[in-house]
Amino acid sequence: DYRNMIRLRSVTTHELTTDPEWMKTIEKNIDVRFVDLDVYNAIKREIARDTAAAASEKEEYQRTVKKLEANRREVEKAKEEYDEALSKLGVSMDRWCNNCKV
């Protein structure tokens, strides 16, 4: 692919990129990785897919947290009602047998 050919002094990038050692040196020294356009597009698609999946999982997590909070409030309300009803009875649970205690 010669579309993006540039000149580095008097040497074309094509001449340099055909040398595997030169490519390894450049990748190592500037901390980049040269890949074919097909590989690059595949990586971009994978990132987009994973990002969408992560967003979906985050939404599901948030829905679950909201459900758990609602359930927790219901349990607290039921416990308050239970404690109130028990106090209105005026009966101490100590008078019940061990199997009947709450």
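Note that this is a predicted model, so its numbers are computed, not measured.

To continue, consider helix α2 (residues 20-30). Because an α-helix completes one turn every 3.6 residues, residues spaced three or four positions apart along the sequence face the same direction. Counted residue by residue, α2 has 1 buried out of 11 residues, so it is predominantly exposed. Phi for D31, located one or two positions after α2, is positive at around 55°.

With that out of the way, let us pick up a nonpolar patch on the surface. A surface patch of nonpolar side chains, amounting to about 500 Å² of accessible area, comprises V35, L37, V39, Y40, I43 and I47. Residue position: I47 is located in helix α3 (residues 37-89).

Looking at the chain, pLDDT values average 80 and 73% of them are 70 or higher. No element of the chain has a lower mean pLDDT than strand β1 (residues 7-8), which averages 50, and none a higher one than α3, which averages 92. For residues 1-7, every residue scores under 50 in pLDDT, and the model assigns this stretch 9 contacts once sequence neighbours within four places are set aside.

Attention shifts here to the environment of E60. Mapped onto the secondary structure, E60 falls in helix α3. A polar atom in the side chain of E60 sits 2.6 Å from the side chain of R63.

Cut-offs applied
Residues numbered from 1 in each chain as written. Predicted model: local features only at pLDDT ≥ 70, side-chain atom pairs only at ≥ 80, totals over all residues. Heavy atoms only, no water. Buried < 20%, exposed > 50% of the residue type's maximum accessible area, 1.4 Å probe, protein only. Helix = DSSP H or I, 4+ residues; strand = E, 2+ residues; numbered from the N terminus. Patch = residues over 30% accessible without salt bridge, like charges linked within 9 Å, V, L, I, M, F, W, Y side chains within 5 Å. Areas by Shrake-Rupley, 256 points an atom, 1.4 Å probe, with all protein chains shown as cover. Salt bridge = Lys/Arg side-chain N within 4 Å of Asp/Glu carboxyl O. pLDDT = per-residue confidence, 0-100. Contact = heavy atoms within 4.5 Å. Polar contact = N/O pair within 3.5 Å; in protein donor to acceptor, adjacent residues only side chain to side chain.

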